[in-house]
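These are the residues of each chain, in order.
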Amino acid sequence: MKTVILIGAQGHMGQAAMTGLKNHNVITASRSGTGCDHTVDITNKASIKALFEKVGPFDAVVNTVGYCEYANFSEMTDEQWDTTIQSKMVGQINLVNVGLSYINDGGSFTLISGILNVKPIPMAIADATTSGAIDTFVQCVAHELPRQIRINVVNPTVLEEAWDVYGEMMPGFQPVPGALVGKAFERSVDGFITGKVIFVDA
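Below is a summary of the structure that appears in this document. Residue indices begin from 1 for each chain and proceed along its sequence in written order. Per-residue local features are limited, in this predicted model, to residues with pLDDT of at least 70; the limit for side-chain atom pairs, both in listing and counting, is 80 or more; totals at the level of whole chains, interfaces and linings are taken over all residues. Based on all heavy atoms of the structure, the side-chain values leave hydrogens and waters out of the count.

Looking now at the overall build of the chain. A count of helices and strands for the chain gives six helices and seven strands. Each helix is a run of H or I in the DSSP string that is no shorter than four residues. Each strand is a run of E no shorter than two, and both are numbered from the N terminus. Sequence-ordered secondary structure for the chain, helices as α and strands as β, is β-α-β-β-α-β-α-β-α-β-α-α-β. The atom set for the radius of gyration is the C-alpha atoms, and the globule formula is 2.2 Å times the number of residues raised to the power 0.38. Taking 2.2 N^0.38 as the reference for a compact globule, 202 residues should give roughly 17 Å; the C-alpha atoms of the chain span a radius of gyration of 16 Å, in line with that estimate. Overall, the chain is about 45 × 35 × 35 Å in size when its C-alpha atoms are taken along their principal axes. Accessibility here uses a 1.4 Å probe with only protein chains present; expressed as a share of the type maximum, an area under 20% marks a residue as buried, one over 50% as exposed, and anything in between as partly exposed. Counting all 202 residues of the chain, 52% fall into the buried class. The contact criterion used is simple: two residues touch if any of their non-hydrogen atoms lie within 4.5 Å. A separation threshold of at least 6 residues defines the contact pool for the chain, and within that pool the share at least 24 residues apart is 65%. Only carbon and sulfur atoms are counted for the fraction: they give 53% of the accessible area of the chain, which is about 9,400 Å². Of the side-chain charges in the chain, 13 are positive and 20 negative, and the distance between the mean point of each set is 10 Å. The accessible surface values rely on the Shrake-Rupley method and a 1.4 Å probe; as for residues, cover is taken only from the protein chains in view. Neither His nor the chain termini are counted; the positive set is Lys and Arg, and the negative set is Asp and Glu. Charge placement uses NZ in Lys and CZ in Arg. For Asp and Glu, CG and CD serve respectively.

Bringing the pattern of salt bridges into the picture now. In what follows, salt bridge is the name for a side-chain nitrogen of Lys or Arg lying within 4 Å of a carboxyl oxygen of Asp or Glu. The full count for this structure, using the stated rule, is five salt bridges. For Asp127, the salt bridge is made with Lys88, and the minimal N-O distance between the two is 3.0 Å. With Asp127 in helix H4 (residues 125-141) and Lys88 in helix H3 (residues 78-99), the pair connects residues that are 39 residues apart, well separated along the chain. The pair formed by Asp127 and Lys88 is uniform in burial state, with each residue classed as buried. Salt-bridge contacts for Lys119 lead to Asp201; the nearest nitrogen and oxygen are separated by 2.6 Å. Here Lys119 is found in the loop between strand E5 (108-112) and H4, whereas its partner Asp201 is found in the segment after strand E7 (196-200), with 82 residues between them in sequence. The exposure class of Asp201 is partly exposed, given its relative accessible area of 30%.

Take the sheet that holds E5 next. Ordered in space as E3-E2-E1-E4-E5-E6-E7, the seven strands form an open sheet in which the pairing is parallel. Only two strands of the sheet have a single neighbouring strand rather than two, namely strand E3 (38-39) and E7. What makes two strands pair is DSSP finding at least two bridges between them. By the bridge criterion, four bridges tie strand E1 (residues 3-7) to strand E4 (residues 60-63) in an arrangement that is parallel. Across the sheet, the residue bridging to Ile7 is Asn63, located in E4. Angles run from 0 to 180 degrees between N-to-C directions of axes, and those axes are lines fitted to C-alpha atoms, restricted for helices to the stretch in contact. Here H4 sits on the sheet in contact with E5, strand E6 (150-156) and E7, set at roughly 155 degrees to E6.

What follows is about the nonpolar core. Put simply, a nonpolar core is a bunch of buried Ala, Val, Leu, Ile, Met, Phe, Trp, Tyr and Cys residues held in one set by side-chain atoms that sit within 4.5 Å of each other. Counting 28 residues, the largest nonpolar core has Ile7, Leu51, Phe52, Leu111 and Ile151 as its most contacted members. When contributions to this core are tallied by element, the ones reaching two or more residues are E1, strand E2 (25-30), helix H2 (45-55), H3, E5, H4 and E6. Other than its neighbours up to four places away in sequence, Leu51 contacts Ile5, Ile7, Ala29, His38 and Val40. If you look at the next biggest cluster of nonpolar residues, it comprises 23 residues, including Ala17, Val26, Val176 and Val200.

The following block contains the structure:
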């Protein structure tokens, strides 16, 4: 049994990840802290550091959050770009950067991107751009991590459980059950792969 920190545990993606982590000691965290063991803001390095220090020794970090703004490219403001970049991209990179000082030898990081960087839709340029950046980051940084630490990213399509929220903006997409996405997180945490983009698509 591993000690796994799951960030964003109360969201649809967090609940999907939880289905694949049942065999582990899962410590939950989110920005609001509601229903979770801890509070964390991944856009703030001090907040990330405080989380890891409170938890103590751990074997894996699974992140399922990354806030994105949606608008047509010509209408995206600097603030909307910055909000998305700081959360979906820089925030996740911070988790790894700070986490390296705390995670156990042979531990793993699992980040989140999203299918829109390979299947673009209107209004989602910021989401697609930052998802693509995280996919690239994981594939490259895997070669630089010390102490047999692994890193992967789950790149899922829309969840069945979230179809009522996102379905209207994703015509022609086939949603997948959260349990299937959970298997991708399980594969990342329990397997030996590293530097991989784990696509979950219909």
